[in-house]
Amino acid sequence: MRHILSILLENEAGALSRVVGLFSARAYNIDSLTVSTTEDPTLSRMTIVTHGSDEVIEQITKQLNKLIEVVKVIDLNESEHIEREMMLIKVRATGKDREEMKRMADIFRGRIIDVTEKTYTIELTGTSDKLGAFIEAIDRAVILETVRTGASGIGRGERVLKI
Amino acid sequence: MQISGAEILVRCLQEEGVEFLFGYPGGAVLEIYDAIFRQEKFKHVLVRHEQAAVHAADAYSRSSDKVGVALVTSGPGATNAVTGIATAYMDSIPMVVISGQVATPAIGLDAFQEVDMVGITRPCVKHNFLVKDVNDIADTIKKAFYIAKSGRPGPVVVDIPKDVTQQRAEFHYPESVHIRSYVPATRGHPGQIKKAINLLLEAKRPYIYVGGGAVQGNAAAEVTELVKSLGLPCTNTLMGLGAYPGSDPQFLGMLGMHGTYEANMAMQYCDVLIAVGARFDDRVISVPSHFLSQPKKIIHIDVDPSSISKRVKVDVPIVGDVKHVLREMLDILRQSGQKPDAQHLANWWKQIEEWRGHNSLLYTPSTELIKPQYVVEKLYEITGGKAIVASDVGQHQMWAAQYYKFDSPKQWLNSGGLGTMGFGLPAAMGAQLANPDATVACITGEGSIQMNIQELSTCKQYHTPVKIVALNNRYLGMVRQWQEFFYGTRYSESYMDALPDFVKVAEAYGHVGFKIENPSDVEPVLREAFGPALKERLVFLDFRTDQSENVFPMIQNGKGLDQMDLPPHMRDVQQVPFENNRDYGNMC
């Protein structure tokens, strides 16, 4: 099953490679990974999307907690949470496709952030599923380039991940 | 007053009470070696290969309560140390390894003797550091020692670039250390402890399975008290030998791939199992599904949460320091005065005694050929069971584990997890330095000993009178045994031709050597080697043993704990196919 893990870790050189190294050394999957510093510059917040059986997810969580630089790990799937991912997608937009592409971007609440005579670059935010749905919805042949950030997630309501 | 980074490092090691530093100099650590030259508080032991420095430091830790320290240079010095680091990591041994690094401005430029030590060792250390600022040295060393020995212990690497050892700073050694992201567990959850006790008291066929965590966690006394007070049968893993006295009748022997018949059968057929600092390793329980096919409740005490429910789902996990947790269990049991049901326990013991009656470690004695098991038995007798035994890896390791009855923890040193050939001799050396008055034997084979034989030179220089007991069968014995069983006796590359004359080798290094070819000479030569006349000498005993001897019992890959290959005298012992054994649960 797909799980979203939120990890608070020391913002130190090498911390990221320890996390990534753990996944490859123990043959766990990384579907996506995003990381950046938090309001406290000594801490980074990482979101990893992974999949596996409950036992595997339990092991991943334990192994992550074992890393000296990892402060806290939570599995967002354990309760209500919000997930967002951003995609930048460059598409060919000529002739009748140009109007159609604008319409599709509007339907998916995307924004066109760069325009040339032949292309649009669209910014789209949502769950990973929604971004996938957009790619499915448009003609594959017009896609020139896609860049996805990978999901980031946060607990709903009062639930916070903090020191 | 400002002092150099190298001097700061030396002062840190002094503050940590380091006695011996095992190492080998080189370009990147010259500044550190100069600072070592100008101090007298600790002694440097110059090994002949960096791998040996790390094994010696590791065994220094294993055989004492201290943290072993090794020092190596950058590049090849660092990579040579990696096998030793991985060995300590797999067995959770506290150790600090300091490696030199090229100067900071040269890092990443493929400089001479540059290697990314932090990157290379990342998967086989508990933690590692690259020190980029001279002001961070003291703090980092303090943290390194703390991380190495707290929680589940392990090796920590500190990589220090040459320019950082040359820069100057004030020295201040921190008194305490706090790492917000690292808080190892100590006390177990009281509710879980209660549950565990209730399970144990209700058990009909209780069993205690004790691993290296009890040795490293100094919990041998608590284990022994629990086993004694509840009348439990007890087994130790390869790493746990000595945590419960090997000569005690409640000890069923080691379990696992080469465990005794009774230890393995009890593991399969117990109804409540308490695992103490053990991790249900593949060499111990073999196939998890088969192990669990006989219903049992499992209590697991471990300081490392990730060891719990990793291979086997347990019923009562207790995360905590094994010593603390066992203490609390003992206190509760003492206050309540409760014991498991005597009748059930008596029935269980009756079954165990029946299993034990087969004597699965019996071997066929010979007057012609030296049986390796016989050598270990005699060694046990002659050293009064008191020697520290460092072992290499292979058949001899298993025979040592089976036939030398270790009564104390930290007496048996071997590379259990990684299985590193070449561990034995440097380990014996490190253990002898940590325990100058102890008798230290290195049980090895002609294959393993040659993987670090150069350390005979170090042993000469530092007067470590270890006794090398080489079980020389002219084969890489364990490889040969597998080839005999599983590869139609095609002994591919497992025969050692052109062996050196080990007696002459020993003599060339300034030691004493004996070659023993007759069974009748085993005992007298051992007595001489371990006698007062040779007390101060390193003695190399080259026992020419039976070439065809195999280690039994043995569990083949994919087989269960009750599906052992048994020694010849037990071939008629019916190992009932497992399916027919399912109603065993009603036996007691």
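By convention here, each chain's residues receive numbers from 1 onward along its written sequence. Chains carry letters from A onward and ligands carry numbers from 1 onward, assigned in written order. Reporting of local features is limited, given that this is a predicted model, to residues whose pLDDT is at least 70; pairs of side-chain atoms are given and counted only at 80 or more, and all residues count toward the totals for whole chains, interfaces and linings. As a rule here, side-chain values cover all heavy atoms of the structure and leave hydrogens and water aside.

Side note on the overall build of chain B
Alright, step 1. Secondary structure assignment for chain B yields 23 helices and 20 strands.
Alright, step 2. Only C-alpha atoms enter the radius of gyration; for comparison, a globular chain is expected to reach 2.2 Å times N to the power 0.38, where N is the number of residues. A compact globule built from 588 residues should have a C-alpha radius of gyration of about 25 Å, and chain B, at 25 Å, falls within 12% of that.
Alright, step 3. For chain B, the C-alpha atoms occupy an extent of roughly 75 × 60 × 45 Å along the three principal directions.
Alright, step 4. A burial count over chain B gives 61% of its 588 residues as buried.
Alright, step 5. Restricting the contact set of chain B to residue pairs at least 6 apart, pairs at least 24 apart contribute 78%.
Alright, step 6. Summed over its atoms, the accessible surface of chain B is roughly 22400 Å², and 50% of this surface lies on carbon and sulfur atoms. For the purposes of this entry, the term helix denotes a DSSP run of H or I that reaches at least four residues, the term strand denotes a run of E that reaches at least two, and both are numbered from the N terminus. Accessible area is worked out with a 1.4 Å probe on protein chains only. A residue is then buried under 20% of its type maximum, exposed over 50%, and partly exposed in between. The contact rule is simple, with two residues in contact once any of their heavy atoms fall within 4.5 Å. Computed with the Shrake-Rupley method and a 1.4 Å probe, the accessible areas treat only the protein chains shown as cover for residues.

Focus on the overall build of chain A
Alright, step 1. Along the backbone of chain A there are 4 helices and 9 strands.
Alright, step 2. Listing every helix and strand of chain A by position from the N terminus yields β-α-β-β-α-β-β-α-β-β-α-β-β.
Alright, step 3. With respect to the principal axes defined by its C-alpha atoms, chain A has extents near 55 × 35 × 35 Å.
Alright, step 4. Out of the 163 residues belonging to chain A, those deemed buried represent 42%.

Observations concerning the pattern of salt bridges
Residue and element names in this part refer to chain B.
Alright, step 1. Whenever Lys or Arg places a side-chain nitrogen within 4 Å of a carboxyl oxygen from Asp or Glu, that contact is recorded as a salt bridge. Counted by the stated rule, this structure contains 38 salt bridges over all chains.
Alright, step 2. Salt-bridge contacts for K371 lead to D546; the nearest nitrogen and oxygen are separated by 2.7 Å. You can see K371 sitting in the loop between helix 15 (342–357) and helix 16 (372–382) and its partner D546 sitting in the segment after strand 20 (539–544), a full 175 residues away along the chain.
Alright, step 3. Given a relative accessible area of 11%, K371 falls into the buried group.
Alright, step 4. Through salt bridges with shared partners, one network takes in K378, E381, E523 and R527.

What about the confidence of the model for chain A?
Alright, step 1. For chain A, the mean per-residue pLDDT works out to 95, and 100% of the residues sit at or above 70.
Alright, step 2. As a per-residue measure, pLDDT tells how confident the predictor is, with possible values from 0 to 100. Mean pLDDT values for the elements of chain A range from 94 in helix 3 (residues 96–107) of chain A up to 98 in strand 7 (residues 119–126) of chain A.

Remarks on the packing of aromatic side chains
Residue and element names in this part refer to chain B.
Alright, step 1. Any two rings among Phe, Tyr and Trp, with Trp reduced to its six-membered ring, count as a pair given centres within 6.5 Å; such a pair is stacked if its planes are under 30 degrees apart, edge-to-face if over 60, and tilted if neither. Considering all chains together, one arrives at 22 aromatic pairs over all chains under this definition.
Alright, step 2. Ring centres of Y380 and Y404 lie 5.1 Å apart, and the angle between their planes is 85°; on these two criteria the pair is classed as edge-to-face. Highlighted residues: Y380 in helix 16 and Y404 in the loop between helix 17 (395–403) and strand 16 (412–413), separated in sequence by 24 residues.
Alright, step 3. The buried category is assigned to Y404, whose relative accessible area is 1%.
Alright, step 4. Seen in terms of ring centroids, F485 and F486 are 5.9 Å apart; in terms of plane orientation they differ by 90°. Their pairing is edge-to-face.
Alright, step 5. F486 sits in the partly exposed class, given a relative accessible area of 29%.
Alright, step 6. An aromatic cluster is defined as three or more aromatic residues linked by ring pairs; in this entry it consists of Y380, Y404, F406 and W412.
Alright, step 7. A ring has a charge above it when a Lys NZ or an Arg CZ is no more than 6 Å from the ring centre and no more than 35 degrees off the ring normal. The side chain of K296 reaches across the aromatic face of F291, ending 4.1 Å from its centre.

So, the interface of chain B and chain A
Alright, step 1. Opposite the 18 residues of chain B that make contact, chain A presents 18 residues.
Alright, step 2. Each of two parts loses accessible area, computed with a 1.4 Å probe, when they are put together; buried area is these two losses added. For the pairing of chain B and chain A, the buried interface totals around 1500 Å² over both sides, and the portion due to carbon and sulfur atoms is 47%.
Alright, step 3. Looking only at chain B, the three residues that lose the most surface to chain A are B:R122, B:R180 and B:S181, adding up to 40% of its buried area.
Alright, step 4. Summed over the shared surface of chain B and chain A, the number is 3 salt bridges.
Alright, step 5. Across the salt bridge formed by B:D304 and A:K66, the nearest N and O atoms sit 2.9 Å from each other.

Focus: a nonpolar patch on the surface
Residue and element names in this part refer to chain A.
Alright, step 1. Within the patch definition used here, like charges are joined within 9 Å and nonpolar side chains (Val, Leu, Ile, Met, Phe, Trp, Tyr) within 5 Å, considering only residues with over 30% relative accessible area and no salt bridge. Where nonpolar side chains cluster on the molecular surface, the patch consists of L16, V20, I30 and V35 and spans about 270 Å² of accessible area.
Alright, step 2. Within the fold, I30 resides in the loop between helix 1 (15–25) and strand 2 (32–37).
Alright, step 3. Accessibility expressed as a relative area gives 33% for I30, which makes it partly exposed.

Observations regarding helix 18 (residues 424–434) of chain B
Alright, step 1. Most of helix 18 of chain B is tucked away, with 11 of its 11 residues classed as buried.
Alright, step 2. Within the sequence span of helix 18 of chain B, burial applies to B:G424, B:L425, B:P426, B:A427, B:A428, B:M429, B:G430, B:A431, B:Q432, B:L433 and B:A434.

Focus on the sheet that holds strand 2 of chain A
All names here are of chain A.
Alright, step 1. Pairing between strands is defined by DSSP: at least two bridges between them are needed. The sheet built from 4 strands is open, its strands ordered 2-3-1-4 with antiparallel pairing. Since the sheet does not close on itself, it has two edges, and those belong to strand 2 and strand 4 (70–75), each with one partner. Neighbour-to-neighbour, the strand axes of this sheet turn through a mean angle of 15°, independent of strand direction.
Alright, step 2. Pairing analysis gives 5 bridges linking strand 1 (residues 2–10) to strand 4, with the strands arranged antiparallel. The residue of strand 4 that forms the bridge with L8 is K72. Each axis is a line fitted through C-alpha atoms, taken for helices only over the stretch in contact, and angles between the N-to-C directions span 0 to 180 degrees.

Things to note about the UniProt feature "domain: Thiamine pyrophosphate enzyme central" (unreviewed entry) in chain B
Alright, step 1. UniProt positions are given in the numbering used here, feature names are shortened, and annotations may be inferred rather than shown by experiment. This chain's UniProt record puts "domain: Thiamine pyrophosphate enzyme central" (unreviewed entry) on residues 193–328 of chain B.
Alright, step 2. End-to-end, the C-alpha atoms of residues 193–328 of chain B are 8 Å apart, and along that stretch the chain is 38% helix and 20% strand.

What to know about unusual backbone geometry
Residue and element names in this part refer to chain B.
Alright, step 1. Geometrically, the link from F552 to P553 is a cis peptide bond, its omega value of -10° lying close to zero.
Alright, step 2. If you trace the backbone, P553 turns up in the segment after strand 20.
Alright, step 3. Positive phi values are uncommon outside glycine, yet S92 reaches one of about 55°.
Alright, step 4. With respect to the helices and strands, S92 occurs in the loop between helix 4 (76–90) and strand 5 (95–101).
Alright, step 5. What makes S92 buried here is its relative accessible area of 9%.
Alright, step 6. Look at R474: it is not a glycine, yet its phi comes out positive at around 60°.
Alright, step 7. Structurally, R474 is set in the loop between strand 18 (467–472) and helix 21 (477–486).

So, the UniProt feature "domain: Thiamine pyrophosphate enzyme N-terminal TPP-binding" (unreviewed entry) in chain B
Alright, step 1. Taking the UniProt record as the reference, the feature "domain: Thiamine pyrophosphate enzyme N-terminal TPP-binding" (unreviewed entry) is found at residues 4–118 of chain B.
Alright, step 2. Helix makes up 43% of residues 4–118 of chain B and strand 18%, and the two end C-alpha atoms of the span are 23 Å apart.

Focus on the packing of helix 16 of chain B against helix 17 of chain B
All names here are of chain B.
Alright, step 1. Two elements in contact, helix 16 and helix 17, have axes separated by 9 Å at closest approach and are oriented at 45°. The angle between helix 16 and helix 17 falls in the class oblique. For the pair helix 16 and helix 17, the crossing hand works out as right-handed. Residues P372, Q373, V376, E377 and Y380 of helix 16 form the contact with helix 17, whose participating residues are W399, A400 and Y403.
Alright, step 2. Nonpolar residues are Ala, Val, Leu, Ile, Met, Phe, Trp, Tyr, Cys and Pro. Charged residues are Asp, Glu, Lys and Arg, and all others, Gly as well, are polar. Grouping the constituent residues of the contact of helix 16 with helix 17 by class yields 6 nonpolar, 1 polar and 1 charged. Throughout this description, any angle smaller than 35 degrees is read as roughly parallel, any larger than 145 degrees as roughly antiparallel, any in the 65 to 115 degree range as roughly perpendicular, and the remainder as oblique. Crossing handedness is defined as follows: a turn of the near helix away from the far one that is anticlockwise and smaller than a right angle gives a left-handed crossing, while the clockwise case is right-handed.

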